[in-house]
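Notes for the structure review
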Amino acid sequence: MKIAETQIEVRYAETDQMGVVYHANYLVWMEVGRTRLIKELGFHYADMEKEGIISPVIDLQISYKKPLHYGETATVKTWIDYYDGIRVTYGYEILTPSGEIAVTATSQHVCVKRDSFRPISIKKYFPDWHEAYEQAKKQG
């Protein structure tokens, strides 16, 4: 299983009145992690979009465990938790500077044609992505 790691320095603007990272910012960090994983596999979302294919989120699960604060560096770990050729579920752990789990999450995506939102087979449209995802996904 391939795991991409991304370091994110918490910016002041990402915190709330309590001085902790505002919950919605973790979703942005997950996108950063997902993009990093895809790049490490040798691909770019932009290339897919040039072909008229987009990949919306169809499900999101997130659990907040520990806060992160301004000035700290978070580590976002991202992997392919599940892949069946049509749906992809990415797994995430966001860690505190001491390595404790701050957030666990999954996001499920499907690739669709931009103009009709009809799902497509990644295996058929993007065989190289399919093969890379098969190799990189969580086994079992």
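Computed from a prediction, not measured in an experiment: that's the story for all the values here.

Observations concerning the nonpolar core
Side chains that are nonpolar tend, in soluble globular proteins, to be buried together. Membership of the largest hydrophobic core comes to 34 residues, with the highest contact counts inside it found for Trp29, Leu68, Ile80, Tyr90, Ile94, Trp129 and Tyr133. Elements with a contribution of two residues or more to this core: strand S1 (3-9), helix H1 (25-40), helix H2 (45-50), strand S4 (73-83), strand S5 (87-95), strand S6 (101-110) and helix H4 (127-136). A total of five residues in this core trace back to one element, the largest contributor, which is H1. Among all residues touching Tyr133, those that are not within four sequence positions of it are Ile38, Leu41, Ile80, Tyr83, Val88 and Tyr90.

Section: the sheet that holds S5
Ordered by their spatial adjacency, five strands build an open sheet running S1-S4-S5-S6-S3, and the pairing between neighbours is antiparallel. The open sheet has two edge strands, S1 and strand S3 (57-64), and neither has a second partner. Strand-to-strand twist in this sheet, taken as the mean axis angle between neighbours without regard to direction, amounts to 20°. Judged from the seven bridges that link them, S3 and S6 form a sheet pairing that is antiparallel. Looking at the pairing, Ile62 lines up with Ala105 of S6. Contacts between H1 and the sheet are confined to S1, S3, S4, S5 and S6, with S1 contributing the most and set at about 135° to the helix. Sitting on the sheet, H4 touches S4 and S5, and the angle it makes with S4 is about 105°.

Here is what the cut-offs are and how they apply
- Residues numbered from 1 in each chain as written.
- Predicted model: local features only at pLDDT ≥ 70, side-chain atom pairs only at ≥ 80, totals over all residues.
- Heavy atoms only, no water.
- Core = buried A, V, L, I, M, F, W, Y, C linked by side-chain atoms within 4.5 Å.
- Buried < 20%, exposed > 50% of the residue type's maximum accessible area, 1.4 Å probe, protein only.
- Helix = DSSP H or I, 4+ residues; strand = E, 2+ residues; numbered from the N terminus.
- Contact = heavy atoms within 4.5 Å.
- Pairing = 2+ DSSP bridges.
- Axes fitted to C-alpha atoms, helices over the stretch in contact; angles between N-to-C directions.

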